[in-house]
Amino acid sequence: MCVAVSTGLFDGAINYAWNSAIVELRSKVREFGLHIVPELIDNPFDEDKLLDLKDAELLDLCLKLNLISEDGYFLLDQCRDVRNNFSAAHPPMGTIDDYEFLQFINRCAKYALSNDRNPQGVNPSAFIGALKADRFTDGQKEEWRQRLEQTHESQRSMLIGTLHGIYCDPSSIEETRLNALDICEHFAGELAPPTCSNLVNRHSNYIAEGKADRQSASQAFFEELGLVGLLTNPERHSLISSACEKLMSAHKGYDNFHTEPPYAEKLHDLTEQAAVPDTTKTEFVRIVATCSAGNKYGISRKAKPYYKSMVQNFSPREISILLDMPNRDNSLSRRLDRHSGCRQRFSNAIDWLDPASIPTGSEAEYQRWAS
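Owing to the predicted nature of the structure, the values given are computational and were not obtained by experimental measurement.

The rules behind each value
- Residues numbered from 1 in each chain as written.
- Predicted model: local features only at pLDDT ≥ 70, side-chain atom pairs only at ≥ 80, totals over all residues.
- Heavy atoms only, no water.
- Helix = DSSP H or I, 4+ residues; strand = E, 2+ residues; numbered from the N terminus.
- Buried < 20%, exposed > 50% of the residue type's maximum accessible area, 1.4 Å probe, protein only.
- Contact = heavy atoms within 4.5 Å.
- Expected span 1.5 Å × (residues − 1).
- Axes fitted to C-alpha atoms, helices over the stretch in contact; angles between N-to-C directions.
- Parallel < 35°, antiparallel > 145°, perpendicular 65-115°, else oblique.
- Left-handed = near helix turned anticlockwise from the far one by under 90°.
- Nonpolar A, V, L, I, M, F, W, Y, C, P; charged D, E, K, R; others polar.
- Phe/Tyr/Trp six-rings, centres within 6.5 Å; stacked < 30°, edge-to-face > 60°.
- Lys NZ or Arg CZ within 6 Å of the ring centre and 35° of its normal.
- Arc of directions from axis to C-beta.
- Core = buried A, V, L, I, M, F, W, Y, C linked by side-chain atoms within 4.5 Å.

Engineer: Can you walk me through the environment of Val29 in this structure?
Structural biologist: Its place among the elements puts Val29 in helix α2 (residues 10-32). For Val29, a relative accessible area of 0% corresponds to the buried category. Each C-alpha atom, one on Val29 and one on Asp329, is 66 Å from the other, the two residues being 300 residues apart in sequence. Once residues lying within four places of it in the same chain are set aside, the contact partners of Val29 are Leu34, Phe45, Leu50, Leu58, Leu61, Cys62, Leu65 and Leu67.

Spelled out as structure tokens, the structure:
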């Protein structure tokens, strides 16, 4: 580089300086730990992968690993453009003078060749180590949450994806999985679109690769964070249908007044997170209506608020299904025929509906059952 500068070949000098910067950034990734990177990015990674990374991909990885700051990433990315367009590496679009060259060298030296660390970012290696060491205390949870809040979006997105992977890993101990969930819960309501996309991609990969245990754990992760709406219709169908079956099984038990509430709460929470797919609307409405009407002995009082909330949130299509249920041959219609208490409770459930939401074609049935 120095020889090239002394002869005025700044285009060649730029190329030599940039190569030195890339070599140093690769060295920083090696020092960070090639064995840790796969867990963070959810992809295989080794020396060959590192050498095959394009310059832009290497800069992006270094930003996520906190090896360079956001400012460093922005300015080095500009240097990458200068190298591609004004150096001897490619046919140049023009020439640069000594002032531009000095600025280029300063940026490479400051952000790539130095050993500075970004104080605002998260050290992923230390984070993963703490996550797996022991159950977080309240102080630890708050500290790591603050660090993730203060870091840049790119690293936060990667680390939340990493936490999802750790939660879904069958080899993770329960304390580690709970630590991962505690951190993610804090950010669940404000995830950026790239983060949501990253989580969905990871979940889809588990399905495509046939990793049933990880897929099941991933579904539980989405449920816990209230992100079921990100899943596909078939998966939401599966989750809601399964919750309906479990609720109905508890409802049919001899001790149903005691066992129903948690299953009713589970179904309520799922349907609060996302709309019920059309493929399972009938099953969902039938079971909620049957449990709301109760049996000849009554209704589970602790489960009743969940039934009321679900009925009040019925869509027009679900209301039509509900009002048509007594006319079909099912367990609900048979109960209504045989037990006056069930008829009264079903009438009470119809009163939970907002009259303004009743579809025109269901007005007669609504008038029949409304008190």
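Engineer: Any chance you could explain helix α20 (residues 340-351) here in plain terms?
Structural biologist: Structurally, the α-helix is built with 3.6 residues per turn, so residues lying three or four positions apart point the same way. Across its 12 residues, α20 extends 17 Å between first and last C-alpha, which sits within 8% of the 16 Å expected from 1.5 Å per residue. For α20, the elements touching its buried residues are α16 (281-293), α17 (304-312), α18 (316-324), α19 (331-338) and α21 (363-369).

Engineer: Just to check I follow, could you spell out the packing of α16 against α18 for this structure?
Structural biologist: When two helices pack together, their arrangement is captured by the angle between the axes and the distance separating the axes. Interhelical geometry of α16 versus α18 gives an angle of 55 degrees and a closest axis separation of 9 Å. In terms of orientation, α16 and α18 fall into the oblique class. For the crossing formed where α16 meets α18, the hand is right-handed. Within the contact between the two elements, α16 uses Lys281, Thr282, Phe284, Val285 and Ala289 and α18 uses Arg317, Glu318, Ile321 and Leu322. Looking at the contact of α16 with α18, its residues break down into five nonpolar, one polar and three charged.

Engineer: Explain the packing of aromatic side chains here, please?
Structural biologist: Any aromatic ring pair is given by two values, namely how distant the centres are and how the planes are angled relative to each other. Counted by the stated rule, this structure contains seven aromatic pairs. Summarising the aromatic geometry, the rings of Phe127 and Trp144 are spaced 4.9 Å apart at their centres and angled 50 degrees between planes, so their arrangement reads as tilted. Of the two residues, Phe127 sits in helix α8 (residues 124-133) while Trp144 sits in helix α9 (residues 138-150), which places them 17 residues apart along the sequence. Of the two residues, Phe127 and Trp144, neither departs from the other in class, the shared state being buried. Taken together, the ring pairs connect Tyr167, Phe221 and Phe222 into an aromatic cluster. One Lys or Arg, Arg147, reaches over the ring of Trp144 and ends 4.7 Å from the middle of that ring. If you follow Arg177 out to its NZ or CZ, it ends over the ring of Tyr167, 4.1 Å from the centre.

Engineer: Which parts of the structure should I look at to understand the side chain of Thr176?
Structural biologist: Tracing the chain through its elements places Thr176 in helix α11 (residues 174-187). A relative accessible area of 4% places Thr176 in the buried class. Once residues within four sequence positions are removed from consideration, Thr176 is found in contact with Leu131, Lys132 and Ile166.

Engineer: So what exactly am I meant to see when it comes to helix α12 (residues 193-208) here?
Structural biologist: Over its 16 residues, α12 runs 22 Å from end to end, which matches the ideal 22 Å to within 8%, given 1.5 Å per residue. Taken as a whole, α12 has its buried residues at Thr195, Cys196, Leu199, Arg202, His203 and Tyr206. Looking down the long axis of α12, one finds its buried residues gathered within 125 degrees of arc, a one-sided arrangement. Away from its buried face, by an angle of more than 90 degrees, α12 presents the exposed residues Pro193, Pro194 and Ala208. Looking at the buried residues of α12, the elements they touch are α3 (37-41), α10 (153-168), α13 (212-224) and α14 (233-251). Positive backbone phi, at 70 degrees, marks Gly210, one or two positions downstream of α12.

Engineer: Please clarify how the nonpolar core should be interpreted in this entry.
Structural biologist: Across soluble globular proteins, nonpolar side chains show a tendency to be buried alongside one another. Formed by 104 residues in total, the largest nonpolar core has its most connected members in Trp18, Val29, Phe127, Leu267, Phe284, Tyr307 and Phe346. Of the residues forming this core, the biggest block, 10 residues, is contributed by α2. Contacts of Phe284, omitting those with residues within four sequence positions, involve Cys244, Leu267, Thr271, Val276, Met310, Phe314 and Glu318.

Engineer: Where do I start with unusual backbone geometry in this structure?
Structural biologist: Among all residues except glycine, the phi angle is most often negative; among peptide bonds, the trans geometry is most common. For Asn66, which is not a glycine, the phi torsion comes out positive at approximately 65 degrees. The topology assignment puts Asn66 in the loop between α5 (55-64) and α6 (70-86).

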